[in-house]
Amino acid sequence: MGLRGTRLTVCYNGGVKDQYGREIRDLRISLTDRCNLRCVYCMPEEMVFKPREEMLTDDEIVLVVRAAAELGVRKVRLTGGEPTVRPNLVELVGRIAAVPGIDDIAMTTNGVRLAPLAAPLAAAGLRRVNVSLDTLDPEKFRRITRRGNLADVLAGLEAARAAGLYPIKLNAVVVRGFNEDDVANLARLTMEYDWSVRFIEMMPFGGVAGFQMNAYVPSSETMARIEAALGPLVPLDLTGYDPARTYRLEGSRGTLGFISPVSEPFCAQCGRLRLTADGRLRLCLLRDDEVDLRTLLRGGATYEQIRERFRAAAYRKPWGHGLARHVIPRQRVMSQIGG
Ligand code: SAM
Ligand code: SF4
């Protein structure tokens, strides 16, 4: 199948809706299942990665983005695994940025390779980054990531700021026994920087679900720790959809967010689909319900057939996850989905 040069009519009026009337505007693309870290909450230490030939190629990813944009998707977030370990990343970002209809490209990264990449990525069309950072203590950072250097991430953050990637968001997963008492230090960053520091409740997946459920810390506890150390959290009434409940500290430059998929699910407003690195559309982060696009992409399907499979998949996006009823996704860990 020729993936390049497909003629497109872009429909800008209204997006594709799921069976519950939620508009699908946001596509999260996992560029790889590989990673240069091994965070305890994300994957087992001896993680086995998928063969490279199972990963979607650049052409295949761009074709899916075109189909998604034609159906109303406006926002693309690149994730992984670690997106910055994918070869030709800068060129791929440029190609996605050039897709008619896509008006926002963001990336979720561990920041380790951001220092050399931030400026070329920004020049290629990347607009903003979410950097995962769970502690400001170098020893704890190494324990949580099983191999990383905190200094690399801090250099990456500085490079992102210098390259004009904005806003900068920091994501911290709170893990009992690892970083639950670091949350105030992370929150304090918002006094100095106009960053958004967000605390995420740990979710259970596959083979690491046991650890994740035992070390889970609810947002209510994280909020209480921050208030005890830094004073009251002032709620912000921000417009627009954001899974984070947003606050600020008295006199801060930045904001604090609490993302609570376990204790306060936000499924009712979810307009996201995920494309896994091996070419499945995952309809809900926390459900194993997936639609295979790769077989179609590699089997001679027309562009229209791929777009229609995307539309049909979007329509049947499930209402929400089943954690409250102990339905846990078993088929993949987080790095194989893309957060
Ligand atoms: N490697 C990149 C990074 O770490 O930012 C992108 C992929 S990572 C899977 C995306 C996000 O998922 C990160 O912010 C990470 O902290 C978060 N995450 C990983 N495992 C999680 C879990 N079990 N529960 C909640 N968030 C998790
Ligand atoms: Fe890698 Fe991101 Fe998972 Fe950490 S959270 S192991 S950086 S994919």
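Coordinates for the structure precede this section.
To start, this report covers the structure provided alongside it.

**Points about the overall build of the protein**
- Within the protein one finds ten helices and twelve strands.
- Rg of the C-alpha trace for the protein: 19 Å, near the compact-globule value of 20 Å for 339 residues, within the 12% margin.
- Taking the principal axes of its C-alpha atoms as reference, the protein extends roughly 60 × 45 × 45 Å.
- Buried residues in the protein amount to 56% of all 339 residues.
- Taking as baseline every contact in the protein between residues at least 6 positions apart, the subset at least 24 positions apart corresponds to 74%.
- If you sum the accessible surface of the protein, you get close to 14,200 Å²; carbon and sulfur atoms cover 50% of it.

**Structural notes on the site of ligand 2**
- Around ligand 2 lies a shell formed by Cys-35, Leu-37, Arg-38, Cys-39, Tyr-41, Cys-42, Met-43, Gly-81 and Asn-110.
- Residue composition of the shell around ligand 2, grouped by class: six nonpolar, two polar and one charged.

**Let's talk about the site of ligand 1**
- Ligand 1 sits among 19 residues. The nearest are Tyr-41, Gly-81, Glu-82, Ser-132 and Met-203.
- Note that a nitrogen atom of ligand 1 is positioned 3.0 Å from one of the backbone N or O atoms of Gly-81.
- At 3.3 Å, a backbone N or O of Thr-109 approaches an oxygen atom of ligand 1.
- Protein coverage of the free-state accessible area of ligand 1, which is 540 Å², stands at 95%.
- Of all the secondary-structure elements, those providing two or more residues to the shell around ligand 1 are strand E3 (104-109), strand E5 (168-174) and strand E6 (196-201).
- For the shell around ligand 1, the per-class residue count stands at seven nonpolar, ten polar and two charged.

**Points about unusual backbone geometry**
- Here the bond from Tyr-166 into Pro-167 is cis, since omega is 0°, no more than 30 degrees from zero.
- Note that Pro-167 resides in the loop between helix H5 (150-162) and E5.
- A positive phi angle is found at Asn-88, which is not glycine, with a value near 60°.
- Structurally, Asn-88 can be placed in the loop between strand E2 (75-79) and helix H2 (89-97).

**Re the environment of Ile-226**
- Structurally, Ile-226 can be placed in helix H8 (residues 219-230).
- According to the relative accessible area criterion, Ile-226 is buried, its value standing at 0%.
- For the pair Ile-226 and Cys-284, spaced 58 residues apart in sequence, the C-alpha to C-alpha distance is 31 Å.
- When residues no more than four places from it in sequence are discounted, the contact partners of Ile-226 are Val-183, Ala-184, Ala-187, Phe-199, Gly-231, Leu-233, Leu-249, Leu-256 and Phe-258.

**Here we look at the sheet that holds E6**
- Reading across the sheet, the twelve strands line up as E7-E8-E9-E6-E5-E4-E3-E2-E1-E10-E11-E12 and stay open at both edges, with mixed pairing between neighbours. Edge strands, defined here as strands with exactly one partner in the open sheet, are strand E7 (233-235) and strand E12 (290-292). Geometrically, the sheet is characterised by an average inter-axis angle of 25° between neighbouring strands, direction not taken into account.

**Remarks on helix H10 (residues 303-315)**
- With 13 residues, H10 should reach 18 Å at 1.5 Å per residue; the first-to-last C-alpha distance of 19 Å fits that figure.
- Among all positions of H10, only Tyr-303, Ile-306, Arg-307, Phe-310, Ala-313 and Ala-314 are buried. Along H10, the residues classed as buried sweep out an arc of 125° about the axis, all on the same side.
- Contacts from the buried residues of H10 go to strand E1 (26-30), helix H1 (58-70), strand E10 (272-275), strand E11 (280-282), E12 and helix H9 (294-298).

**Observations regarding the packing of helix H3 (residues 114-124) against H5**
- Here H3 crosses H5 at 15°, and the two axes come no closer than 7 Å. As judged from the angle between their axes, H3 and H5 are roughly parallel. Viewed along their axes, H3 and H5 form a crossing whose handedness is right-handed. The segment H3 lies against H5, with Leu-114, Ala-115 and Ala-118 engaging Ala-155, Gly-156, Ala-159 and Ala-160.

**What about the packing of H2 against H3?**
- Following both chains from N to C, one finds H2 and H3 inclined at 25°, their axes separated by 8 Å at the closest point. The angle between H2 and H3 places the two elements in the roughly parallel class. Classified by chirality, the crossing of H3 by H2 is right-handed. Here H2 contributes Leu-89, Val-90, Val-93, Gly-94 and Ala-97 to the contact with H3, which in turn contributes Leu-117, Pro-120, Leu-121 and Ala-124.
- Across the contact of H2 with H3, the residue classes break down as eight nonpolar, one polar and no charged.

**Quick notes on the packing of aromatic side chains**
- Applying the stated rule across the entire model yields five aromatic pairs.
- Between Tyr-193 and Trp-195, the aromatic rings sit 4.2 Å apart at their centres with planes inclined by 10°, giving stacked as the arrangement.
- Its relative accessible area of 28% is what places Tyr-193 among the partly exposed residues.
- A residue is classified by how much of its surface remains accessible, and Trp-195, at 9% relative accessible area, is buried.
- For the ring pair Phe-199 and Phe-258, a centre distance of 5.7 Å and an interplane angle of 25° mean the geometry is stacked. A residue pair is termed long-range when its members are at least 10 positions apart, and Phe-199 in strand E6 and Phe-258 in strand E9 (residues 255-259) qualify at 59 residues.
- The exposure class assigned to Phe-258 is buried, which follows from its relative accessible area of 0%.
- An aromatic cluster of at least three residues, connected via ring pairs, comprises Phe-199, Tyr-247 and Phe-258.
- Over the ring of Phe-178 we find Arg-143, and its NZ or CZ is 4.1 Å from the ring centre.

The rules behind the values
Residues numbered from 1 in each chain as written. Chains lettered and ligands numbered in written order. Predicted model: local features only at pLDDT ≥ 70, side-chain atom pairs only at ≥ 80, totals over all residues. Heavy atoms only, no water. Helix = DSSP H or I, 4+ residues; strand = E, 2+ residues; numbered from the N terminus. Rg over C-alpha atoms; globule rule 2.2 N^0.38 Å. Buried < 20%, exposed > 50% of the residue type's maximum accessible area, 1.4 Å probe, protein only. Contact = heavy atoms within 4.5 Å. Areas by Shrake-Rupley, 256 points an atom, 1.4 Å probe, with all protein chains shown as cover. Near = heavy atom within 4 Å. Nonpolar A, V, L, I, M, F, W, Y, C, P; charged D, E, K, R; others polar. Polar contact = N/O pair within 3.5 Å; in protein donor to acceptor, adjacent residues only side chain to side chain. Pairing = 2+ DSSP bridges. Axes fitted to C-alpha atoms, helices over the stretch in contact; angles between N-to-C directions. Expected span 1.5 Å × (residues − 1). Arc of directions from axis to C-beta. Parallel < 35°, antiparallel > 145°, perpendicular 65-115°, else oblique. Left-handed = near helix turned anticlockwise from the far one by under 90°. Phe/Tyr/Trp six-rings, centres within 6.5 Å; stacked < 30°, edge-to-face > 60°. Lys NZ or Arg CZ within 6 Å of the ring centre and 35° of its normal.

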